[in-house]
Amino acid sequence: MNIKEIEGLLKRYYEGETTLAEEKLLKEFFSGDHVPEHLLPYQPMFRFFTHEATLTLTEENQEKSLNRRIEQYREETSIVRTHPGKKRLYYLSGIAAGLLILISLVFVIRNEAGKRQHDELANPSAELAYTQARQALIMVSVGLNTGIDAAQRFKTLDNAMAQIQRINKYYNYQTQFINPEWIQNPSTNK
Amino acid sequence: MNLQDFNTKVYPLKDKIFRFAKRMLEQTEEAEDLVQEVFIRMWKNREKLDEYRSLEALAMVTTKNLCLDKLKARRFPVESFNDQRQFIETIAEETRPDHSDLVLGVKEAMGTLPEHSRMIVHLRDIEGCEFDEIAEVLGMQENAVRVALSRARKRIREILINDKSYEYQRN
């Protein structure tokens with residue numbers, strides 16, 4: 001292969017313009033022994049590329065790797081087994097704490113309510129006092145009205161008395177005016 | 001998709017997945033494990049696999065996502081065994097005879113690239129993927145892939161040639 005061509009290919013290679021076929025040519029050229037001195041610095045790179053492409057994974061290595069993986073998997077699962085347990089415990093303790101708070105709240109509220117009921121029986125609350133006072137007042141007011149009814153009758157009596165008094169006055173006056181002696185000596189009139 | 005289909009269509013992707021994972025994670029064992037992970041994911045999803053246009057693209061996208069997840073997790077470094085293993089592995093690789101210093105330099109240079117650029121260079125220069133395939137795997141526009149690829153290649157050249165040209169000048 002012409003050295004000039006190789007130089008041209010190299011130039012295009014560094015611009016990323018060579019095709020795979022051209023790159024293969026370059027690799028072949030540099031794996032040969034007739035590389036001119038000024039191109040020698042490029043040789044290791046192309047040789048390295050060619051060499052690396054032959055690297056394979058042997059069955060033996062795969063076997064080893066598989067065993068390592070199985071070992072690793074065992075370790076992981078043993079870790080995994082304890083790990084979610086811890087996590088679950090964490091969540092469970094949270095739930096338990098929540099329930100505890102809820103239950104204690106219910107107890108406190110119930111206790112409070114019971115105590116209040118008890119208190120109401122011992123010393124009547126304002127409401128109870130109010131209703132009792134109201135009832136008493138109603139009773140008083142009803143009694144008051146019946147009293148007034150009774151008093152009404154006294155009034156008629158009063159009126160009657162006043163009439164009687166007026167009649168009496170008139171009678172006295174008449175007797176004084178017509179026959180004063182009769183008043184002093186009623187027996188003489190007969 | 002049954003087991004037989006899975007074996008003929010998905011399983012052969014193992015090397016490609018492995019290379020991609022190794023490029024990103026820079027660690028052989030982790031890359032091997034990641035291949036299994038990708039297969040497990042695809043197997044769990046086997047009922048829907050026939051709906052995908054390209055199983056290869058799906059596998060590569062899955063690999064990419066898993067790698068990025070792993071790399072992200074690494075940013076919160078866990079004091080590890082992994083680091084030691086990686087260190088030992090690096091030493092082992094560096095002393096391997098078929099790796100010359102120069103080739104190792106390329107690996108290092110690629111390692112310094114940002115994740116996205118590294119993926120592009122890997123898929124193009126090592127796996128030989130077309131631009132539209134890379135675009136699909138990375139969720140980019142083809143043109144953006146081309147531009148990023150050019151930039152990443154130049155960056156590698158900068159690292160390699162600048163380092164080595166010093167040596168060349170000295171010699």
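Residues numbered from 1 in each chain as written. Chains lettered and ligands numbered in written order. Predicted model: local features only at pLDDT ≥ 70, side-chain atom pairs only at ≥ 80, totals over all residues. Heavy atoms only, no water.

## Considerations on the overall build of chain A
Point 1. Broken down by element type, chain A carries 7 helices and 0 strands.
Point 2. Mapped from its N terminus to its C terminus, chain A presents α and β elements in the order α-α-α-α-α-α-α.
Point 3. A burial count over chain A gives 16% of its 190 residues as buried.
Point 4. Counting every atom, chain A has about 15600 Å² of accessible surface; 61% of that belongs to carbon and sulfur. (Helix = DSSP H or I, 4+ residues; strand = E, 2+ residues; numbered from the N terminus. Buried < 20%, exposed > 50% of the residue type's maximum accessible area, 1.4 Å probe, protein only. Areas by Shrake-Rupley, 256 points an atom, 1.4 Å probe, with all protein chains shown as cover.)

## As for the overall build of chain B
Point 1. What chain B contains, in helices and strands, is 9 helices and 0 strands.
Point 2. Listed N to C, the secondary structure of chain B is α-α-α-α-α-α-α-α-α in terms of helices and strands.
Point 3. Taken across its 171 residues, chain B has 46% of its residues classed as buried.
Point 4. For chain B, long-range pairs separated by at least 24 residues make up 67% of all intrachain contacts whose partners lie at least 6 apart in sequence.
Point 5. Counting only carbon and sulfur atoms, one obtains 50% of the accessible surface of chain B, whose full area is about 9400 Å². (Contact = heavy atoms within 4.5 Å.)

## What to know about the packing of helix 4 (residues 55–74) of chain B against helix 8 (residues 131–138) of chain B
Residues and elements named next belong to chain B.
Point 1. Look at helix 4 against helix 8: their axes get within 8 Å of each other, and the N-to-C directions meet at 45°. Relative to helix 8, helix 4 is oriented oblique. In the crossing of helix 4 with helix 8, the sense of the turn from one axis to the other is right-handed. Contact residues: Ala-57, Met-60, Val-61 and Lys-64 in helix 4; Glu-136, Val-137 and Leu-138 in helix 8.
Point 2. Along the lines of polarity and charge, the residues of the contact of helix 4 with helix 8 split into 5 nonpolar, no polar and 2 charged. (Axes fitted to C-alpha atoms, helices over the stretch in contact; angles between N-to-C directions. Parallel < 35°, antiparallel > 145°, perpendicular 65-115°, else oblique. Left-handed = near helix turned anticlockwise from the far one by under 90°. Nonpolar A, V, L, I, M, F, W, Y, C, P; charged D, E, K, R; others polar.)

## Comments concerning the interface of chain B and chain A
Point 1. In this complex, chain B contributes 39 residues to the contact, which on the side of chain A involves 31 residues.
Point 2. Across the chain B to chain A interface the summed buried area is about 3300 Å²; carbon plus sulfur atoms make up 55%.
Point 3. Considering only the side of chain B, the residues that lose the most area to chain A are Gln36(B), Asp125(B) and Arg153(B), jointly responsible for 17% of the buried surface there.
Point 4. With a shortest N-O distance of 3.0 Å, Arg153(B) and Glu23(A) are connected by a salt bridge.
Point 5. Summed over the shared surface of chain B and chain A, the result is 14 residue pairs in polar contact (both at pLDDT 80 or more).
Point 6. Every element with two or more residues in the side of chain B that touches chain A is listed here: helix 2 (14–25), helix 3 (28–44), helix 6 (101–111), helix 7 (115–126) and helix 9 (142–170) of chain B.
Point 7. For the side of chain B that touches chain A, the element with the highest residue contribution is helix 9 of chain B, accounting for 9 residues.
Point 8. Looking at the side of chain B that touches chain A, its residues break down into 17 nonpolar, 4 polar and 18 charged. (Buried area = accessible area lost by both parts, 1.4 Å probe. Salt bridge = Lys/Arg side-chain N within 4 Å of Asp/Glu carboxyl O. Polar contact = N/O pair within 3.5 Å; in protein donor to acceptor, adjacent residues only side chain to side chain.)

## Section: the packing of helix 2 (residues 20–31) of chain A against helix 3 (residues 43–52) of chain A
All names here are of chain A.
Point 1. Running from N to C, helix 2 and helix 3 point in directions that differ by 110°, and their axes come no closer than 9 Å. Between helix 2 and helix 3, the angle is such that the two are roughly perpendicular. Of the two possible hands of crossing, helix 2 and helix 3 adopt the one that is left-handed. Taken together, the residues of helix 3 that come into contact with helix 2 (itself represented by Leu-26, Lys-27, Phe-30 and Ser-31) are Gln-43, Phe-46, Arg-47, Phe-49 and Thr-50.

## Comments concerning the side chain of Arg124(B)
Point 1. Within the secondary structure, Arg124(B) is located in helix 7.
Point 2. Apart from the residues within four sequence positions on either side, Arg124(B) is in contact with Thr18(A), Thr19(A), Leu20(A), Glu23(A), Cys129(B), Glu130(B), Phe131(B), Ile134(B), Leu149(B) and Arg153(B).

## Some thoughts on the packing of aromatic side chains
All names here are of chain A.
Point 1. Overall, the coordinates contain 11 aromatic pairs over all chains when judged by the stated rule.
Point 2. Aromatic side chains Phe-46 and Phe-49 sit 6.3 Å apart centroid to centroid with 90° between the ring planes, which places their arrangement in the edge-to-face category. Within this pair, Phe-46 and its partner Phe-49 are both found in helix 3, separated by 3 residues, close to a single helical turn.
Point 3. Here Tyr-90 and Tyr-91 contribute two aromatic rings whose centre-to-centre distance is 5.8 Å and whose plane-to-plane angle is 70°, an arrangement assigned as edge-to-face.
Point 4. Classification of Tyr-91 as exposed rests on a relative accessible area of 53%.
Point 5. Each residue in the set Tyr-13, Tyr-14, Phe-29, Phe-30, Tyr-42, Phe-46, Phe-48 and Phe-49 is aromatic and connected to the rest through ring pairs, giving one cluster. (Phe/Tyr/Trp six-rings, centres within 6.5 Å; stacked < 30°, edge-to-face > 60°.)

## With respect to the nonpolar core
Point 1. Counting 66 residues, the largest nonpolar core has Phe30(A), Met45(A), Phe46(A), Phe49(A) and Met42(B) as its most contacted members.
Point 2. For Met42(B), the residues in contact, after removing those within four places along its chain, are Phe6(B), Val10(B), Leu49(B), Leu55(B), Leu58(B), Ala59(B) and Thr62(B). (Core = buried A, V, L, I, M, F, W, Y, C linked by side-chain atoms within 4.5 Å.)

## Section: unusual backbone geometry
The phi torsion of most residues other than glycine is negative, and most of the peptide bonds are trans.
Point 1. If you check the backbone angles, Glu26(B) has positive phi at about 55° while not being a glycine.
Point 2. As for its position among the elements, Glu26(B) is in the loop between helix 2 and helix 3.

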